[in-house]
Amino acid sequence: MLLFPRGHRELGSQTTLARGPTRRRRALRGFALTGLALSGLGLLALPIWIAQSRDAKSEPLSQSERPSTADELVLGQSLPLSGPSAQLGLDYRRGAMAWFDAVNRRGGIHGRRIRLISLDDQYEPERTLQNTRHLLGRQDLMALFGYVGTPTTKVALPLIEKAAVPLVAPMTGASLLRRPELRMVFNLRASYRGEITAMVDEMVRDANHRIAVVYQDDAFGEDGLEGALVALRRHGLKPVMTAKVQRNSDQVGSAVSRLMAVNPNGVVVVSAYVSSAALATAMRERGSRAQIMNVSFVGTKALKQAMPVNVSNGIGVAQVVPFPWNRWIPVVAEYQKLMRRNNEDPGFGFTSLEGFLAARLITDALNRAGPDPTRESLVKALESIRDLDLGGFRIDMDRDDHQASDFVELTFLGSQSWEP
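Residues numbered from 1 in each chain as written. Predicted model: local features only at pLDDT ≥ 70, side-chain atom pairs only at ≥ 80, totals over all residues. Heavy atoms only, no water.

A. Up close: the pattern of salt bridges. For the coordinates displayed, the defined rule picks out 18 salt bridges. Among the ionic pairs, Asp71 bridges to Arg113, the shortest N-O distance being 2.9 Å. A residue pair is termed long-range when its members are at least 10 positions apart, and Asp71 in the loop between helix H2 (61-64) and strand S2 (72-79) and Arg113 in strand S3 (residues 113-120) qualify at 42 residues. Judged by its relative accessible area of 28%, Asp71 is partly exposed. In this structure, Glu383 engages Arg183 in a salt bridge whose closest nitrogen and oxygen atoms are separated by 3.2 Å. Placement of Glu383 in helix H13 (residues 375-383) and of Arg183 in the loop between strand S5 (167-168) and strand S6 (185-186) is noted, with a sequence separation of 200 residues between them. Overall, the relative accessible area of 11% leaves Glu383 in the buried class. Each of Glu124, Asp218 and Arg247 takes part in a single network of salt bridges with overlapping partners. (Salt bridge = Lys/Arg side-chain N within 4 Å of Asp/Glu carboxyl O. Helix = DSSP H or I, 4+ residues; strand = E, 2+ residues; numbered from the N terminus. Buried < 20%, exposed > 50% of the residue type's maximum accessible area, 1.4 Å probe, protein only.)

This is the structure we're talking about:
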């Protein structure tokens, strides 16, 4: 994939553009801060242990029922590890495990190791609900970590809040996870509203004013649609049309026909890669040259791999973490090193880097929570993180603000492959 900044410095097969409002001290500094020493990260002395092997996709329910030992801290997650959207969950978890395994090799957090229980939900809410009930039934569960998706996470929120178990770094930018009354949710990534604002601003700047919105028919898509309407209103615009697509489906014929009928020159897509790839491919085959823009949840690598060669050229994807191939950013250099150690084919990408950064966040909080942490002390530790530099990516939270980052960049796919 090709990424180069708006100033036309080529790096490969994508283009990046920093966008989004600066929020306190943290919004866009991550990409610019490249000279910080790795030795100052501090967290490398906090090892973590994962019960599964590096190649394991999930821990079976029967194995997850094994009681923890005295030197373990238990984290649980529900995410797609099989099915049409599996690549998102697999990549996120690979990135998290690269950090967890590295920290594990140094002996544990205050002498205790972490056991991560990863349960497959296939990006289907009912399975997420079942997995969450199973995880919350464990008396030894310290926290939930790295859920993937809006409709899946949404159904679990009432259970999570009632049980007063923190959920750290869900992979969703939905507004419903950013409501102030949610005391147990701690978000790493920027919101979809921030991503879509950057996308619409860029299209309008490039004189693409006939903008359509295609969205997934669930809570994720509905949140994105509302964000697109708000972003368009800022420019005195309305969408030329809106269309729904189904979750986990490549059946997009109706949406494509409606798009071609109105001939937009810009399309905001709020969906996972299965639907988005099918939509973009069909539009290009029918001659559309519209600027197609996707929110970060689409999964950049998965999106590109799901389309024929050259079809992806010029398609935009918003990103909420720095460029995973830029080794001048210290945290990215560490990510690359540990991904190589954990995998014969490291397969760098935005989703795995997000998982890596999420693991960094929760290990910092667990270290702050002390040698005998509780759920309550972990919540206080998360709320104590102030302007923390992970090595070119800053996070910042407090009691009334559970959003760690507002980092947003725009990237544009190309036909080449660029790897370090």
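Read on for the rest.
B. Representation of the side chain of Ser118 in the model. Within the secondary structure, Ser118 sits in strand S3. For Ser118, a relative accessible area of 0% translates into the label buried. Within polar-contact distance, the side chain of Ser118 engages the side chain of Gln77 at 2.6 Å. A polar side-chain atom of Ser118 sits 2.9 Å from a polar atom in the side chain of Arg93. (Polar contact = N/O pair within 3.5 Å; in protein donor to acceptor, adjacent residues only side chain to side chain.)

C. Focus on unusual backbone geometry. Positive phi, normally seen in glycine, also occurs at His110, with a value near 55°. Mapped onto the elements, His110 comes out in the loop between helix H3 (86-104) and S3. With a relative accessible area of 37%, His110 lands in the partly exposed category. Despite not being glycine, Asp387 shows a phi value in the positive range, around 45°. Counting through the fold element by element, Asp387 comes out in the loop between H13 and strand S12 (388-389).

D. Here's a closer look at the sheet that holds S5. Strand order in the open sheet made by the five strands is S3-S2-S4-S5-S6, with parallel pairing throughout. Strand pairing shows two members of the sheet lacking a second neighbour, S3 and S6, which therefore form its edges. In the sheet, S5 pairs with S6 via two bridges, with the strands oriented parallel. What sits directly across from Val168, in S6, is Phe186. Sitting on the sheet, helix H12 (residues 350-368) touches S2, S3, strand S4 (141-145) and S5, and the angle it makes with S4 is about 150°. Along the sheet, H13 contacts S4, S5 and S6; its crossing angle with S4, the most-contacted strand, is approximately 40°. (Pairing = 2+ DSSP bridges. Contact = heavy atoms within 4.5 Å. Axes fitted to C-alpha atoms, helices over the stretch in contact; angles between N-to-C directions.)

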